[in-house]
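# Geometric and topological summary
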Amino acid sequence: MRLEPSKQIDPQGLKVWQITGGLVSLLAIALLCGLFVIHLMIVPILLWTLVISCILALLFFLLQTWVLPRLRWSKWRYEVTEHEIELKYGVIVVKRTLIPMVRVQHVDTRQGPLLRAYRLSSVTISTAATTHEIPALSNDIADELRDRISVLARVAEEDV
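Described in the following lines is the structure provided in the data block. (Residues numbered from 1 in each chain as written. Predicted model: local features only at pLDDT ≥ 70, side-chain atom pairs only at ≥ 80, totals over all residues. Heavy atoms only, no water.)

## Some points on the side chain of Ser 122
Heads up, the condition is: Here a strand is any run of E in DSSP of at least two residues, a helix any run of H or I of at least four, and the numbering for each starts at the N terminus. Each residue is assigned to one of three classes by its accessible area relative to the maximum for its type, calculated with a 1.4 Å probe on protein chains only: buried under 20%, partly exposed between the two thresholds, exposed over 50%. Between N or O atoms, a polar contact is any pair within 3.5 Å; within protein, one atom must be a potential hydrogen donor and the other a potential acceptor, and residues adjacent in sequence are included only when both atoms are from side chains. By the convention used here, residues are in contact when the closest approach between their heavy atoms is within 4.5 Å.
Residue position: Ser 122 is located in strand β6 (residues 120-126). Residue classification places Ser 122 among the buried positions, given a relative accessible area of 4%. Among the polar contacts listed, one links the side chain of Ser 122 to the side chain of Glu 133, at a separation of 3.2 Å. Within the structure, Ser 122 has its side chain in polar contact with the backbone nitrogen of Ala 136 (distance 3.5 Å). Ignoring any residue separated from it by four or fewer positions in sequence, one finds Ser 122 in contact with Asp 108, Thr 109, Arg 110, Leu 115, Glu 133, Ile 134, Pro 135 and Ala 136.

## Regarding helix α1 (residues 12-42)
This is how the line gets drawn: Multiply 1.5 Å by the residue count of a helix minus one, and that product is the helix's expected span.
For α1, built from 31 residues, the straight-helix expectation of 45 Å at 1.5 Å per residue is met to within 8% by its first-to-last C-alpha distance of 46 Å. Those residues of α1 lying buried are Gly 13, Leu 14, Val 16, Trp 17, Gln 18, Gly 21, Gly 22, Ser 25 and Phe 36. For α1, the elements touching its buried residues are α2 (47-75), α3 (113-117), β6 and β7 (131-138).

## Observations regarding the sheet that holds strand β2 (residues 77-80)
Selection rule: Between any two strands, at least two bridges found by DSSP are needed for them to pair. Axis definition: a line fitted to C-alpha atoms, limited for helices to the stretch in contact. Angles are taken between N-to-C directions and run from 0 to 180 degrees.
Strand order in the open sheet made by the 4 strands is β1-β2-β3-β4, with antiparallel pairing throughout. Here the strands that pair on one side only, and so sit at the sheet edges, are β1 (7-8) and β4 (95-100). Two strands pair when backbone bridges link them, and β1 and β2 are joined in this way by 2 bridges, in the antiparallel orientation. Counted as the bridge partner of Gln 8 is Arg 77 from β2. Seen against the sheet, α2 touches β1, β2 and β3 (84-89) and runs at an angle of roughly 25° to β2. Lying over the sheet, helix α4 (residues 139-159) contacts β2 and β3, oriented at roughly 45° with respect to β2.

## Some remarks on the pairing of β6
Most of β6 sits inside the fold, with 7 of its 7 residues counted as buried. Side chains Leu 120, Ser 122, Thr 124 and Ser 126 of β6 all project onto a buried face; the interleaved residues Ser 121, Val 123 and Ile 125 project onto the opposite face, where all are buried too. Of the pairings in the sheet, the one linking β6 to β7 comprises 6 bridges and is antiparallel in character. Its bridge partner being in β7, Ser 121 is matched across the sheet by Leu 137. Taking the residues that link successive antiparallel strands as the turn, the β6-β7 hairpin has 4 residues.

And the structure:
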């Protein structure tokens with residue numbers, strides 16, 4: 001049996017995921033409030049419907065900002081070896097992906113505004129079939145990892 005990948009993403013990634021979840025849930029709650037206002041203009045709403053909707057919105061907010069980011073962060077693992085890259089991620093359905101170095105076509109680092117604010121980057125690994133991502137690594141680690149994968153992929157291609 002293969003050992004689990006040992007490297008974990010940066011703890012600051014948890015904060016980024018929490019902020020993102022908060023923004024998404026606040027947008028969803030704002031849309032829900034807008035629908036309620038429109039509905040109130042047409043037909044009165046029962047009080048219990050409003051109370052249940054508010055409770056569900058609060059639960060959605062807590063799930064998006066507290067529970068899911070923590071679970072996601074605790075499950076995310078990766079490992080880069082001479083011959084392959086292994087990724088393990090997922091909350092409900094846990095996926096383990098092996099990417100052979102000979103299949104790597106190119107590797108990049110990416111930063112959105114939120115990642116940049118926390119000095120984080122994501123490493124994207126492209127193969128002919130798809131693109132994989134290792135999210136929320138510190139900028140230094142992401143740059144080192146990108147360069148290392150690039151060298152290992154080049155060596156693996158030369159060996160073939």
